[in-house]
Amino acid sequence: MWLQNWFHILSLAVFLITFSIHADSDTQVTDSKSDGNTRPLNGRWTAWGMWTSCSSTCGNGVTVRTRWCLRVTRIDRCAGEQRQYRSCQSEMCPEDALPFRDLQCALHNYRPIPGSKRGYKWVPFYGAPTACHLNCLAVGQNFYYTFGRVLDGTSCGPDSNGTCINGQCLKADCDGIFTSEVSNESCGKCQGQQNACVFIQNVYLAPFPSSGYFGYKNVTRIPAGASQIKVTDQSRNILALMDSSGHFVINGDWVVSWPGKYKAAGTEVHYIRNSESHEVLEADGPTNEDLYVQVLFQENNPGITYEFWLPKDLYDNYKREPQLSWQHSEHEDLSSWVNKTASRNGESHLGTLQDKQVLTVSRKGRCRRCKTPKGKSQRIKQYCQSDFAIHAKVLGRRLIGQETRYDIQVKHAYKNKFPIMYREYIWVSNTCDCPYLVDRHEYIMMASKHVNHEYTLNRILLSATSFVKPWSPQEDQRLQHVNTFCTSTP
């Protein structure tokens, strides 16, 4: 296995040296970009050179080719890219070979980092804001370190179909070329495929309820595979977006989210809300699961417009489903509506499984029996040593790398040394369900603040032995005066 991995690295070194030679030679004939667009576009590109060998000896990789700018005068320049990257694929990697990002982190094992003489074992960390940096988590520690950029050809993340090129997460177009402007049609089909896309547009015109049910009402289902999604509302009513597992992504649960970017269904959703309360939801897609748009009425409905593109083969299934069936009874629970939809589509979600099944699905690698702290002494000790002691409801769970991230709703804070929001993420540095938390259940949690080595990311962290108990009135009562025992705690 290690021979295969080192051969993999050696081939990458050759690829990078080749790329460096091309880059160095090209600097003699191309203009610096620091001058912006002030130079005339009188230069002409040469023909593209040959593609280099694939950067990877097994699995997915990249190859690069270069062209040169021919100029009459020194101030001439050429428009467009000087280098072009294309995806390539070699033979299948052995089953025991380390994933590419894991291998890059492992190369730094037990080597000291700045500010520390101790060596650590490193594994990939996917919670950092820059996906194409080599962010590695120190095993058994509560920090990660960034070792510069990942090598070209590294996947952007476990849930991403993008590839890191020159520190940017890019997607390949229909010809396998990596570019920031993918030349696909609006529904993800390649150019030249006639009638490959279907444009769907409609207006939701349900009236403001005069009496009865005043909760969230369903607007539409946006099916998996949709692209160029846009939902617009020009009123004081509040749009909400829910994923296929019944968890709200934007707004929902009677809380209004901040405008910004949100991850959902394998794409990035832009939520815009201006001072006149006009709202827009936009996403490039394509989505990898169904999304559901709801509305919370505050006034009369002037009409909610939604539109998206869908590949023709997916549209044939979509149009056969009676769209009126997605308008649920006013007293029906949203989660049951989603489960009915999933059942109709032959899907299953973790939220609809039994707890024992969820436990089996989410475990990865070797997991030993969880150690659960019990008793009054542990309650007092952990309360006094923790940064947060909260009553929270678990809204969802996701495995990211070798960690588990829980989406929680904070009901009450018994202790918080630092500000805490109504909705938070709480992290556990394992995938063994230690501690074991069940969706939609409420718990008492004692957690600590986690700051990364570069002080660029703050998180709330639970350890495998953190004090976590199901919430109950009795447990709530026991925590009311625990702080009086902390006066002598250092």
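Residues numbered from 1 in each chain as written. Predicted model: local features only at pLDDT ≥ 70, side-chain atom pairs only at ≥ 80, totals over all residues. Heavy atoms only, no water.

(A) The arrangement of unusual backbone geometry in detail. A cis amide bond, omega 0 degrees, links G285 with the succeeding residue P286. Of note, P286 is situated in the loop between β18 (279–283) and β19 (291–296). Backbone geometry places Y110, a non-glycine residue, at a positive phi of 60 degrees. Mapping Y110 onto the fold places it in the loop between α2 (100–106) and β5 (122–124). (Helix = DSSP H or I, 4+ residues; strand = E, 2+ residues; numbered from the N terminus.)

(B) Representation of the environment of H270. Within the fold, H270 resides in strand β17 (residues 267–273). Not counting residues within four places of it along the chain, the set of residues in contact with H270 comprises G260, K261, V280, L281 and E282. (Contact = heavy atoms within 4.5 Å.)

(C) Structural detail: the packing of aromatic side chains. Across all of its chains, the model carries 11 aromatic pairs by this definition. Relative to Y144, the ring of F125 has its centre 4.3 Å away and its plane inclined at 20 degrees; by these criteria the two rings are stacked. A residue pair is termed long-range when its members are at least 10 positions apart, and F125 in the loop between β5 and β6 (133–138) and Y144 in strand β7 (residues 144–149) qualify at 19 residues. The same class applies to F125 and to Y144, which are both buried. Arranged with centres 6.2 Å apart and planes meeting at 50 degrees, the rings of F388 and F418 form a pair that is tilted. One end of the pair, F388, is in strand β21 (residues 388–400); the other, F418, is in the loop between β22 (403–416) and β23 (423–428), with 30 residues separating them in the sequence. (Phe/Tyr/Trp six-rings, centres within 6.5 Å; stacked < 30°, edge-to-face > 60°. Buried < 20%, exposed > 50% of the residue type's maximum accessible area, 1.4 Å probe, protein only.)

(D) Local environment of the confidence of the model for the chain. Across the chain, pLDDT averages 76, with 73% of residues at or above 70. Contacts of residues 322–338 to residues separated by more than four positions or lying in other chains number 34 contacts, the stretch itself having pLDDT below 50. A low-confidence stretch, residues 340–365 stays under pLDDT 50, and its non-local contacts, those more than four residues away or across chains, total 33 contacts. (pLDDT = per-residue confidence, 0-100.)

(E) View of empty space enclosed by the protein. In the structure shown here, the tally under the stated rule is two cavities of 30 Å³ or more. Approximately 50 Å³ is the volume attributed to the largest cavity. Around the largest cavity sit I222, I229, V231, L241, V269, L281, E282, A283 and L291, which together line it. Secondary structure elements with two or more residues in the lining of the largest cavity: β13 (227–233) and β18. For the lining of the largest cavity, the element with the most residues is β18, which contributes three residues. Class assignment for the residues of the lining of the largest cavity results in eight nonpolar, no polar and one charged. When its volume is computed, the second largest cavity comes out at roughly 30 Å³. Forming the walls of the second largest cavity are P124, F125, Y126, L137, I400, G401, Q402 and E403. Of the residues that constitute the lining of the second largest cavity, the class distribution is five nonpolar, two polar and one charged. (1 Å grid on protein atoms, 1.4 Å probe; cavity = no way out; pocket = protein on both sides within 12 Å on 5 of 7 lines; lining within 4 Å. Points joined across faces, edges and corners; volume = space filled by probe spheres on them. Nonpolar A, V, L, I, M, F, W, Y, C, P; charged D, E, K, R; others polar.)

(F) Representation of helix α6 (residues 375–385). Here α6 has its buried residues at R379, I380, Q382, Y383 and C384. Turning to α6, the residues buried within the fold contact β21, β22, β24 (442–451), β26 (468–470) and α7 (473–478).

(G) Examining the state of the cysteines more closely. Tallied over the entire structure, the rule returns six disulfides. Through a disulfide, C132 is tied to C164; the S-S separation comes to 2.1 Å. Classification of the bridge connecting C132 and C164 rests on its S-S torsion, roughly -90 degrees, and on that basis the disulfide is left-handed. Note that C132 is positioned in the loop between β5 and β6 and C164 in strand β8 (residues 163–165), a separation of 32 residues in sequence. Like C132, the residue C164 is buried in the burial classification. The partner cysteine of C156 in its disulfide is C169, sulfur to sulfur 2.1 Å. On the sign convention where negative means left-handed, the S-S torsion of about 120 degrees between C156 and C169 marks this disulfide as right-handed. One end of the pair, C156, is in the loop between β7 and β8; the other, C169, is in strand β9 (residues 168–172), and 13 residues separate them in sequence. (Disulfide = S-S within 2.5 Å.)

(H) Main features of the side chain of D476. Assignment of secondary structure puts D476 in helix α7. Summary of buried charges: D476 has no salt-bridge partner, and the nearest side chain of opposite charge, R478, is 10 Å away. Apart from the residues within four sequence positions on either side, D476 is in contact with Y414 and W471. (Lys, Arg positive; Asp, Glu negative; His and termini not counted. Salt bridge = Lys/Arg side-chain N within 4 Å of Asp/Glu carboxyl O.)

(I) Up close: the pattern of salt bridges. This model, assessed by the stated rule, comprises 10 salt bridges. Of the charged contacts, one joins E475 and R379 as a salt bridge, the two residues approaching to 2.9 Å between their closest N and O atoms. Of this pair, E475 sits in helix α7 while R379 sits in helix α6, and the two are 96 residues apart along the sequence. Using a relative accessible area of 1% as the deciding quantity, one classes E475 as buried. The network of salt bridges with common partners includes R379, K469, E475 and R478.

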